[in-house]
Amino acid sequence: MVTLGVNVDHIATIRQARGGREPDPVHAAVLAELAGARGITVHLREDRRHIQDRDVYILKQTVSTNLNLEMAPTPEMMKIALDVMPYMVTIVPERREERTTEGGFPVREKERDLVKAITALRENHLMVSVFVNPDIPEIRAAAKIGATHVELYTGTYAGAVSEQNALDELDMLKEAAMAAHKLGLRINAGHGLNYVNVPAVAAIDNMQELNIGHAIVARASLVGMDAAVREMVALI
Ligand code: PXP
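Here's what I pulled together on the structure shown here. Throughout, a residue's number is its position along its own chain's written sequence, starting from 1. Given that this is a predicted model, residues contribute local features only at a pLDDT of at least 70 and side-chain atom pairs are listed and counted only at 80 or more, while totals for whole chains, interfaces and linings are drawn from all residues. Hydrogens and water are ignored here; the side-chain numbers use all heavy atoms of the structure.

### Let's talk about the sheet that holds strand E6 (residues 149–153)
Put simply, the rule reads: When DSSP locates at least two bridges between a pair of strands, those strands are taken to pair. Helix and strand definitions follow DSSP, with helices as H or I runs of at least four residues and strands as E runs of at least two, each counted in order from the N terminus. Here the axes come from fitting lines to C-alpha atoms, over the contacting stretch only for helices, and the angles between their N-to-C directions go from 0 to 180 degrees. Should any heavy atoms of two residues lie within 4.5 Å, those residues are considered in contact.
Around the barrel, which closes on itself, the eight strands sit in the order E1-E2-E3-E4-E5-E6-E7-E8 with parallel pairing between neighbours. Across the sheet, the mean angle from the axis of one strand to that of its neighbour is 25°, orientation sign disregarded. Looking at chain direction, strand E2 (residues 39–43) and strand E3 (residues 67–71) are connected through four bridges and run parallel. Counterpart to His43 in the pairing with E3 is Glu70. Against the sheet, helix H3 (residues 53–62) touches E2 and E3, its axis set at about 160° to E3.

As structure tokens, this is what we get:
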């Protein structure tokens with residue numbers, strides 16, 4: 001069964017707009033889990049533009065499914081991850097000036113940094129996922145250096161400019177998933193998924209979890225978290 005991981009970063013984005021306490025991503029995580037989410041994801045960014053350290057520490061204690069911490073493999077974030085001990089760390093690339101994550105981590109280009117991070121996380125028994133483009137050499141490299149999961153970047157599929165373009169991108173995701181499965185990796189996917197484009201990705205063989213943030217929080221702002229999550233779970 002394909003499961004839903006809800007990314008609650010943008011609940012924190014709203015909170016940070018006023019610098020107060022509301023809305024609280026911890027409350028959003030509770031509601032998402034009650035509505036059927038099987039994981040909660042947060043991205044602790046270097047600039048702390050949405051999720052704060054406090055959120056990660058409290059979520060570790062309150063999440064009753066699986067907490068997935070997205071982070072760049074920097075010394076600062078490694079220290080926090082090994083202190084918090086989430087269920088899984090997802091390694092993502094990060095550029096301060098980007099509005100959101102713009103693609104997969106360049107696994108082969110930054111292999112040396114990645115090996116160090118993955119080894120330390122695995123020695124501490126954490127699951128480690130690497131956010132990758134649907135590119136088979138990158139997936140092979142992630143498997144070689146000890147990742148347990150890959151999360152396939154679906155942003156290019158989501159941004160397809162025509163039906164044919166979307167079908168071509170979907171084929172790349174299917175081939176990437178097949179390769180990852182043969183290498184013994186578990187497969188997640190995410191970025192840009194919404195209520196229209198999600199069913200085709202959920203139908204990919206061996207898909208395990210879809211991590212979705214923006215579309216769910218956007219809908220939740222109009223219909224509530226419970227309805228927004230239940231509708232996504234039903235589609236998946
Ligand atoms: N997966 C990863 C690795 C991400 O970086 C993000 C965005 O923070 C998501 C999933 C969720 O993307 P979206 O907000 O577009 O659903």
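### What to know about helix H2 (residues 25–34)
Worth spelling out the cut-off: When a residue's accessible area, from a 1.4 Å probe over protein chains only, is under 20% of the maximum for its type it is buried; when over 50% it is exposed; and in between it is partly exposed. Note: the arc covers the axis-to-C-beta directions of the helix. We call two N or O atoms a polar contact when they sit within 3.5 Å, provided that within protein one can donate a hydrogen and the other can accept it, with sequence-adjacent residues counted only if both atoms are side-chain atoms.
Burial in H2 covers these residues: Pro25, Val26, Ala28, Ala29, Ala32 and Glu33. All buried residues of H2 project into a common sector of 155° when viewed along the axis, lining one side. In H2, those exposed residues whose orientation departs by more than 90 degrees from the buried face are His27 and Leu34. Tucked into the core, H2 has its buried residues touching strand E1 (3–7), helix H1 (9–18), E2, H3 and helix H11 (225–235). Looking at where H2 begins, the residue whose side-chain oxygen comes 2.8 Å from the main-chain nitrogen of Val26 is Asp24. A positive backbone phi angle near 115° is found at Gly36, which sits one or two residues after H2.

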